[in-house]
Amino acid sequence: MSVLITNIKQLLQVRPDNPKILDAAAMRELPILENAWLLIEDDVIAGFGTMESCPDSSGRQVIDASGKIVLPSWCDSHTHLVYAGNRVQEFSDRIHGMTYEEIANRGGGILNSAKRLNDTSENQLYEESKIRLEEVIRQGTGAIEIKSGYGLTVDGELKMLRVIKRLRENYGIAIKATFLGAHAFPTEFKTDHEGYINRIINEMLPSIAAENLADYIDAFCETGYFSVSETEKIIEAGMRFGLRAKIHVNQFTAIDGIEMAVKQNALSVDHLEILEPKDTEALKKSETIAVALPLCSLFISIPYTPARELLDAGLPLAIATDYNPGTAPSGNMNLAVALGCIKMKLTPEEAINAATLNGAYAMELSETHGSIGIGKKANLILTRPLSDYAEIPYSFGSNLIESVILSGKVIQ
Ligand SMILES: N=CN[C@@H](CCC(=O)O)C(=O)O
Ligand SMILES: [Zn+2]
């Protein structure tokens, strides 16, 4: 199958040299082609250029993109999209003044979702999750990471990861799976951390590896959750099974988890709403990327990741949604990009780079996703007619997407 997109007003993120990551200096630039064409053969980008060199359209499906913008699909490197039910009751409780921490302390939060999930069948969980996946695809996401972590039992974690596997098999979107058994301590292990960590290491990890269900390992490294040394133990165990770390850290407190994660060569450290100069120092000269989650900051009213501090230190940054029932019940990357600009003071160029190529890096997908280049996956967003790409974060409440292309197939 061959699809030719013509008369593209602005083709964004054109990087023929196919870089794998963009540091702060590179993030300032968003290479574009004006009045462009793009050719898709099967599921990959086969060519692009300006309209003077547009290839013959005969025998090809032609999409006229006059006035419209084309960009690579969003790469959402941090989600918990597989979950059961929702937490609307806690939403009301927070509106009435309770904090996330208070709700968690009375057995709500992650443990609430875990109870629901363990009472839900694998089929039901798949049906609920696929609705969310289909929605984020329509919102322009073309590569996504999905975590487990609402099972907290061997069966529950396996159930979640099998659902992620089924989603990967049934949809054209790239999906990476992360094992997050260390999301919270189940009530029965509240005073027996070692017992639960042993269960993660000796029971969950071997079963997951036997079915090849995970790409990465994660832990919630936070005061009241997993300490730095507990997190390190879990990372090391994951690495023995070939799972590199992506770590929840510095969401509420800075406890030196970033330094440890960098030492363990984590792929990403995610959240970072609370950041100290030593954390930024630790990230320099590392291959670990910082991932900001602005929808979480918006939804539970916590600080936004100080993106300018990270960029001023020369570091690369990715933006993701954190789609989950408790702190960010939305997988809308368009909104995450807009908040990156409005609340984190990123320029539109920086925010789009953070949500495409750097997001792909945070899933080890930047070879194939996140920019326009020959041979890269044909996962694209086509906007409705716009004056300029800066309208994408500017018109933050509007749906600017006219259609998306996933693995070369046009989805309206
Ligand atoms: N902080 C840890 N995990 C999720 C929230 C989980 C939940 O509340 O269900 C997050 O990234 O914000
Ligand atoms: Zn998260």
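Residues numbered from 1 in each chain as written. Chains lettered and ligands numbered in written order. Predicted model: local features only at pLDDT ≥ 70, side-chain atom pairs only at ≥ 80, totals over all residues. Heavy atoms only, no water.

- An unreviewed UniProt entry lists the protein chain under the name Imidazolonepropionase, with Flavobacterium silvaticum given as the organism.
- Listed under Subcellular location (unreviewed entry) in UniProt, the entry text for the protein chain is "Cytoplasm".
- UniProt annotates the protein chain under Pathway (unreviewed entry) with the comment "Amino-acid degradation; L-histidine degradation into L-glutamate; N-formimidoyl-L-glutamate from L-histidine: step 3/3." (UniProt positions renumbered as here; feature names shortened; annotations may be inferred.)

### What about the packing of helix H7 (residues 193–210) against helix H8 (residues 228–240)?
- Closest axis-to-axis distance for the H7/H8 pair is 10 Å, and the angle between their directions is 10°. On the basis of their axis angle, the class for H7 and H8 is roughly parallel. Contact with H7, carried on its side by His193, Ile197, Asn198, Ile200, Ile201 and Leu205, involves Glu230, Lys233, Ile234, Ala237, Gly238 and Arg240 of H8 and no other residues of that element.
- Among the residues making up the contact of H7 with H8, the classes are represented as six nonpolar, three polar and three charged. (Axes fitted to C-alpha atoms, helices over the stretch in contact; angles between N-to-C directions. Helix = DSSP H or I, 4+ residues; strand = E, 2+ residues; numbered from the N terminus. Parallel < 35°, antiparallel > 145°, perpendicular 65-115°, else oblique. Contact = heavy atoms within 4.5 Å. Nonpolar A, V, L, I, M, F, W, Y, C, P; charged D, E, K, R; others polar.)

### Quick word on the site of ligand 1
- The environment of ligand 1 is formed by 15 residues, the closest being Arg87, Tyr100, Tyr150, Gln251 and Thr327.
- One of the side-chain N or O atoms of Tyr150 is found 2.6 Å from an oxygen atom in ligand 1.
- Calculation on ligand 1 without its partners gives an accessible area of 330 Å², and the protein chains cover 100% of this total.
- At a threshold of 2 Å from the grid points, most atoms of ligand 1 map onto the largest cavity.
- Along the lines of polarity and charge, the residues of the shell around ligand 1 split into four nonpolar, nine polar and two charged. (Near = heavy atom within 4 Å. Polar contact = N/O pair within 3.5 Å; in protein donor to acceptor, adjacent residues only side chain to side chain. Areas by Shrake-Rupley, 256 points an atom, 1.4 Å probe, with all protein chains shown as cover. 1 Å grid on protein atoms, 1.4 Å probe; cavity = no way out; pocket = protein on both sides within 12 Å on 5 of 7 lines; lining within 4 Å. Sits in = over half its atoms within 2 Å of the grid points.)

### Structural notes on a nonpolar patch on the surface
- Side chains of Val88, Phe91 and Ile95 sit close together on the surface and give an oily, nonpolar patch of about 290 Å² of accessible area.
- Structurally, Val88 can be placed in helix H2 (residues 88–95). (Patch = residues over 30% accessible without salt bridge, like charges linked within 9 Å, V, L, I, M, F, W, Y side chains within 5 Å. Salt bridge = Lys/Arg side-chain N within 4 Å of Asp/Glu carboxyl O.)

### As for the packing of aromatic side chains
- Overall, the coordinates contain seven aromatic pairs when judged by the stated rule.
- A centroid spacing of 5.7 Å and a plane angle of 25° characterise the contact between Tyr100 and Phe252, whose relative ring orientation is stacked. Of this pair, Tyr100 sits in helix H3 (residues 100–105) while Phe252 is found in the loop between strand E10 (244–249) and helix H9 (257–263), placing the two residues 152 residues apart along the sequence.
- The exposure class assigned to Tyr100 is buried, which follows from its relative accessible area of 13%.
- Accessibility expressed as a relative area gives 30% for Phe252, which makes it partly exposed.
- Aromatic pair Phe185 and Tyr196: ring centres 5.9 Å apart, planes at 70°, arrangement edge-to-face. Placement of Phe185 in the loop between strand E8 (174–182) and H7 and of Tyr196 in helix H7 is noted, with a sequence separation of eleven residues between them.
- Residue Phe185 is classed as buried on the basis of its relative accessible area, which comes to 10%. (Phe/Tyr/Trp six-rings, centres within 6.5 Å; stacked < 30°, edge-to-face > 60°. Buried < 20%, exposed > 50% of the residue type's maximum accessible area, 1.4 Å probe, protein only.)

### As for the domain arrangement of the protein chain
- What the domain assignment lists for the protein chain is domain 1 (2–72 + 371–411) and domain 2 (75–361).
- Just the C-alpha atoms count here: the centres of domain 1 and domain 2 sit 29 Å apart.
- Listed by partner, the interface residues are 28 residues for domain 1 and 30 residues for domain 2.
- Between domain 1 and domain 2 lies a buried interface of about 2,400 Å² when both sides are counted; carbon and sulfur atoms form 70% of it.
- Summed over the shared surface of domain 1 and domain 2, the result is zero salt bridges.
- Among the secondary structure elements, those contributing two or more residues to the side of domain 1 that touches domain 2 are helix H1 (24–27) and strand E15 (401–406). (Domains from an automatic or database assignment. Buried area = accessible area lost by both parts, 1.4 Å probe.)

### Comments concerning the sheet that holds strand E7 (residues 141–147)
- An order of E6-E7-E8-E9-E10-E11-E12-E13 is seen for the eight strands of this open sheet, with the pairing classed as parallel. With partners counted over all chains shown, the strands left at the sheet margins are strand E6 (74–76) and strand E13 (317–319), one partner each. Between one strand axis and the next, the sheet turns through 25° on average, direction left out of account.
- For strand E9 (residues 216–221) and E10, the ladder comprises four bridges, and the chain directions are parallel. Paired with Ile217 across the two strands is Ala245, which belongs to E10.
- Across the sheet, H7 touches E8 and E9, and the angle it forms with E8 is around 150°. (Pairing = 2+ DSSP bridges.)

### Description of the UniProt feature "binding site: Fe(3+)" (unreviewed entry) in the protein chain
- Within the UniProt annotation, "binding site: Fe(3+)" (unreviewed entry) is assigned to His78, His80, His248 and Asp322. On the basis of their most widely separated C-alpha atoms, the annotated residues across 245 residues gather in one place, lying no more than 12.0 Å apart. Narrowing the list just given to those that line the largest cavity leaves His80, His248 and Asp322.
- If you trace the backbone, His80 turns up in the loop between E6 and H2.
- Residue His80 is classed as buried on the basis of its relative accessible area of 1%.
- For His80, the contacting residues outside a window of four places in its chain are Lys147, Ser148, Tyr150, Leu180, His183, His248, Asp322, Tyr323, Asn324 and Pro325.

### A few points about the coordination of the zinc ion (ligand 2)
- At 2.1 to 2.3 Å from the zinc ion (ligand 2) lie its protein donor atoms, namely His78 (NE2), His80 (NE2), His248 (NE2) and Asp322 (OD).
- Read from N- to C-terminus, the donor residues coordinating the zinc ion (ligand 2) fall into the pattern H-x1-H-x167-H-x73-D. Highlighted residues: His78 in the loop between E6 and H2 and His248 in strand E10, separated in sequence by 170 residues. For the pair formed by His78 and His248, the shared burial category is buried. (Donors = N, O, S within 2.8 Å, 3.2 Å for Na, K, Ca; no water.)

### Considerations on the environment of Ile110
- The residue Ile110 is located in helix H4 (residues 110–118) in this model.
- When its relative accessible area of 5% is taken as the criterion, Ile110 is described as buried.
- If sequence neighbours within four positions are ignored, Ile110 has contacts with Arg87, Tyr100, Gly149, Tyr150, Leu152, His183, Ala184, Phe220 and Tyr225.

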